[in-house]
Amino acid sequence: MPLARAVVEPQTGCAPVGVFDSGLGGLSVLRALRAQVPDESIIYVADSLYAPYGERDDDFIADRTLAIGQWLVKQGAKVLVVACNTATAQSIALVREQLSIPLIGVEPGIKPAAVQSKTRVAGVLATQVTLRSARFQALLERYAADCRFLCQPGHGLVQAIERCDVGSAELRALLDSYLQPMLDAGADTLVLGCTHYPFLDAAIRDIVGERMTLIDTSVAIARQLERVLDQHGLRSEPGRPADLPRFCSTSDGAHLQQLAATLLHIEAPVERVVIPSRRTVAPDSQAA
Ligand code: DGL
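Residues numbered from 1 in each chain as written. Predicted model: local features only at pLDDT ≥ 70, side-chain atom pairs only at ≥ 80, totals over all residues. Heavy atoms only, no water.

Q: How should the overall build of the protein be read in this particular structure?
A: Along its length, the protein carries 11 helices and 10 strands. Its C-alpha atoms give the protein a radius of gyration of 18 Å, near enough to 19 Å, the size a compact globule of 288 residues would have. With respect to the principal axes defined by its C-alpha atoms, the protein has extents near 55 × 40 × 35 Å. Counting over 288 residues, the protein shows a buried share of 57%. For the protein, the share of sequence-separated contacts (at least 6 apart) that also reach a separation of at least 24 residues comes to 77%. (Helix = DSSP H or I, 4+ residues; strand = E, 2+ residues; numbered from the N terminus. Rg over C-alpha atoms; globule rule 2.2 N^0.38 Å. Buried < 20%, exposed > 50% of the residue type's maximum accessible area, 1.4 Å probe, protein only. Contact = heavy atoms within 4.5 Å.)

What follows is the structure, given as structure tokens:
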């Protein structure tokens, strides 16, 4: 994992791991990180005031990702996990150049899907921004030679999860409209190409039953974090009592607190934070 150019204070093992998503989806990655490296402290930023990123333009996403990365560095983060496929697809190269700490991004599990699919037809659910990104297109070109990928933008899904809706009738109908055509085409594998979507696993299972294997890359990200911490000598002391994550939100944080409590069983307060950026100069601006 490349280190960037600027020189800053050396980070120590007891510093936190920074994790960021446009909103609540990164909690699915945080769950895997806590299982893999339970001794690490985590500071999590949900940019919920500006979610969903999947409906934003490329410059806006890069602007927010960089601002939040820089903010996390100021909070003392020793590594940054960009727990958002959309932000990774759009801006990881740029942000990696600008930050002084190692960066880990997430991308849809096209490779494991291509390896596992028996019918050689796999569905991909991701945001429109991820699907049209050059990074995702390159990934498809690499692995889609003998496997057909049916790419479906998950319009409306992130918004539902941001409202803590993981199973309403409307949400199930929307999911059904995305998944049924994949089943009809013989897909036996579904790539969850957005970190919000693992929270829909029960609703997805109700529709697809055992006909599809779901591919979620959060465990792979957690293993990658462990490798990066080891490579850079940044592991926290083993056996240190695990802290609760420090949850931060650019919105009021009520839904972050609710989802963390109900789905992750983490009862922790949420700090409201203001992270200005070039495209959101006025702190409460919704400008895009
Ligand atoms: N969790 C983000 C991802 O993985 C959601 C993007 C969005 O806010 O639309 O892509």
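Q: What exactly am I supposed to notice about helix α3 (residues 85–98) here?
A: Because the α-helix completes a turn every 3.6 residues, residues three or four places apart line up on one side. Between its first and last C-alpha atoms α3 spans 19 Å; for 14 residues at 1.5 Å apiece the expected length is 20 Å, and the two agree. Roughly 75° is the biggest bend found in α3, and it falls at S91. Three or more residues of α3 are buried, namely N85, T86, A87, T88, A89, S91, I92 and V95. Along its buried surface, α3 packs onto β1 (17–21), α2 (58–74), β3 (79–82), β4 (103–104), α5 (128–132) and α6 (134–143). (Expected span 1.5 Å × (residues − 1). Bend = angle between axes of the 7 residues up to and from the residue.)

Q: For this particular structure, what's the right way to read the pattern of salt bridges?
A: Where charged atoms from two side chains of opposite charge approach closely, those side chains can pair. Applying the stated criterion to the full structure yields 13 salt bridges. Among the ionic pairs, E40 bridges to R235, the shortest N-O distance being 3.9 Å. In this pair, E40 sits in the loop between α1 (26–36) and β2 (42–46) while R235 sits in the loop between α10 (218–231) and β9 (246–249), placing the two residues 195 residues apart along the sequence. For E40, a relative accessible area of 5% corresponds to the buried category. Among the ionic contacts, a cluster of salt bridges with common partners joins E40, K78, E226, D230 and R235. (Salt bridge = Lys/Arg side-chain N within 4 Å of Asp/Glu carboxyl O.)

Q: For this particular structure, what's the right way to read the sheet that holds β9?
A: For sheets, the rule is that strands pair by backbone hydrogen bonds, running either parallel or antiparallel. What the 6 strands build is an open sheet, ordered β4-β3-β1-β2-β9-β10; its pairing is parallel. At either margin of the open sheet sits one strand with a lone partner, and together these are β4 and β10 (270–272). Pairing of β1 with β2, which is carried by 5 bridges, proceeds in the parallel orientation. Residue D21 lies in a different strand from β2, and its bridge partner there is A46. (Pairing = 2+ DSSP bridges.)

Q: What should I look at first to understand the UniProt feature "binding site: substrate" (unreviewed entry) in the protein in this one?
A: Per the UniProt record, the feature "binding site: substrate" (unreviewed entry) sits at D21, S22, Y53, G54, N85, T86, T195 and H196. The named residues occupy 176 residues along the chain; their greatest pairwise C-alpha distance, 12.2 Å, places them in one compact cluster. Considered against the largest cavity, the annotated residues that line it turn out to be D21, S22, Y53, G54, N85, T86, T195 and H196. Structurally, Y53 can be placed in the loop between β2 and α2. (UniProt positions renumbered as here; feature names shortened; annotations may be inferred. 1 Å grid on protein atoms, 1.4 Å probe; cavity = no way out; pocket = protein on both sides within 12 Å on 5 of 7 lines; lining within 4 Å.)

Q: Looking at this model, I keep getting lost on the site of the ligand. Mind explaining?
A: Neighbouring the ligand are 13 residues, the closest being S22, Y53, G54, T86 and T195. A distance of 2.7 Å is found between an oxygen atom of the ligand and a backbone nitrogen or oxygen belonging to Y53. Against a free-state accessible area of 300 Å², the protein chains account for coverage of 99% of the ligand. Cavity membership is defined here by more than half of the atoms lying within 2 Å of grid points; on that basis the ligand lies in the largest cavity. A per-class count over the shell around the ligand returns 5 nonpolar, 7 polar and 1 charged. (Near = heavy atom within 4 Å. Polar contact = N/O pair within 3.5 Å; in protein donor to acceptor, adjacent residues only side chain to side chain. Areas by Shrake-Rupley, 256 points an atom, 1.4 Å probe, with all protein chains shown as cover. Sits in = over half its atoms within 2 Å of the grid points. Nonpolar A, V, L, I, M, F, W, Y, C, P; charged D, E, K, R; others polar.)

Q: What am I meant to see in the environment of D39 here?
A: Tracing the backbone through its elements, the reader meets D39 in the loop between α1 and β2. As a C-alpha pair, D39 and E237 span 198 residues in sequence and 7.2 Å in three-dimensional space. Beyond its immediate sequence surroundings of up to four residues, D39 is in contact with S236, E237, P238, G239 and R240.

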